[in-house]
Amino acid sequence: GLSSASSLAIIQIQLAILRAEFKPITFALLAISSTGIPLVTTYIFSLNGDQNMLFTFTTAVLAVAGIIQLKSLFLLPNYKNLVSIAGLVAIGYPMIFHSVAISLFQYGDKLAGYLGIGGDLVAEIAITSLFMTAPMLLLSSINNAWLPSDLEHFHKNETSGYFFSNKVSRQLSALTLAIAIVLIVSVSSLINYIVPE
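1. Remarks on the side chain of Ser-34
Next, step 1: Along the chain, the position of Ser-34 falls in helix H2 (residues 24-47).
Next, step 2: On the basis of relative accessible area, Ser-34 is assigned to the buried category, the value being 6%.

2. Focus on the layout of surface pockets
Next, step 1: For the second largest pocket, the calculated volume is near 400 Å³.
Next, step 2: Forming the boundary of the second largest pocket are 13 residues, of which Gln-69, Lys-71, Ser-72, Leu-75 and Asn-81 lie nearest the centre.
Next, step 3: Of all the secondary-structure elements, those providing two or more residues to the lining of the second largest pocket are helix H1 (2-20) and helix H4 (79-92).
Next, step 4: Per element, the largest residue contribution to the lining of the second largest pocket is three residues, and it comes from H4.
Next, step 5: Tallied by class, the residues present in the lining of the second largest pocket amount to eight nonpolar, four polar and one charged.

3. Observations concerning the environment of Arg-19
Next, step 1: Looking at the element boundaries, Arg-19 is found in helix H1.
Next, step 2: Residue classification places Arg-19 among the partly exposed positions, given a relative accessible area of 26%.
Next, step 3: In the structure, Arg-19 is positioned 128 residues away from Leu-147 in sequence and 8.6 Å away in space, judged by C-alpha atoms.

4. Remarks on the packing of H1 against helix H3 (residues 53-68)
Next, step 1: At their nearest, the axes of H1 and H3 sit 9 Å apart, and the two run at 35 degrees to each other. Seen along the crossing, H1 lies across H3 with a hand that is left-handed. Contact residues: Ser-3, Ser-4, Ser-7, Leu-8, Ile-10, Ile-11 and Gln-14 in H1; Phe-57, Thr-58, Val-61, Leu-62, Val-64, Ala-65 and Ile-68 in H3.
Next, step 2: Each residue belonging to the contact of H1 with H3 can be placed in one class, and the counts come to nine nonpolar, five polar and no charged.

Basis of the calculations
Residues numbered from 1 in each chain as written. Predicted model: local features only at pLDDT ≥ 70, side-chain atom pairs only at ≥ 80, totals over all residues. Heavy atoms only, no water. Helix = DSSP H or I, 4+ residues; strand = E, 2+ residues; numbered from the N terminus. Buried < 20%, exposed > 50% of the residue type's maximum accessible area, 1.4 Å probe, protein only. 1 Å grid on protein atoms, 1.4 Å probe; cavity = no way out; pocket = protein on both sides within 12 Å on 5 of 7 lines; lining within 4 Å. Points joined across faces, edges and corners; volume = space filled by probe spheres on them. Nonpolar A, V, L, I, M, F, W, Y, C, P; charged D, E, K, R; others polar. Axes fitted to C-alpha atoms, helices over the stretch in contact; angles between N-to-C directions. Left-handed = near helix turned anticlockwise from the far one by under 90°. Contact = heavy atoms within 4.5 Å.

This is the structure:
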């Protein structure tokens, strides 16, 4: 599971770079192959009686991640790169908590079902999670325009880049908070309207 997540993270980083560089054809090819190759591989192996599908899927994802990293696979990172990576982690680590929260929303119904909490509560969690993904979808949509703009500011100078990034982050945080408050206040009524039983 960890290997699969790490490999998918490498692919996602590469996809972000391709998107920022405005390379739609390469982006589309990588996006399709990074999901298609593991799924097709797992399907073929499962038809031949393979029982360890997670291992097969992870191996295929790792192969795709390895192929796109061939140029830099055997290069040791230098001090400057490590400092840059540390800086990026310092800026981006709040997204870890955001991603964990989104995952809990997306898979909360499955966890509740597995724990045997009850069908009514599972259904309520499933509907609630659908509403609560709205802020994530909004952020994801805005991010498509934000990243290239952010990089453009960084090309001008570092101060301008950080100022723009922080300004947009604050505005998005305020917007997401407002939407989340509206959803939290109204979600019970929405659920009762959709599922009166």
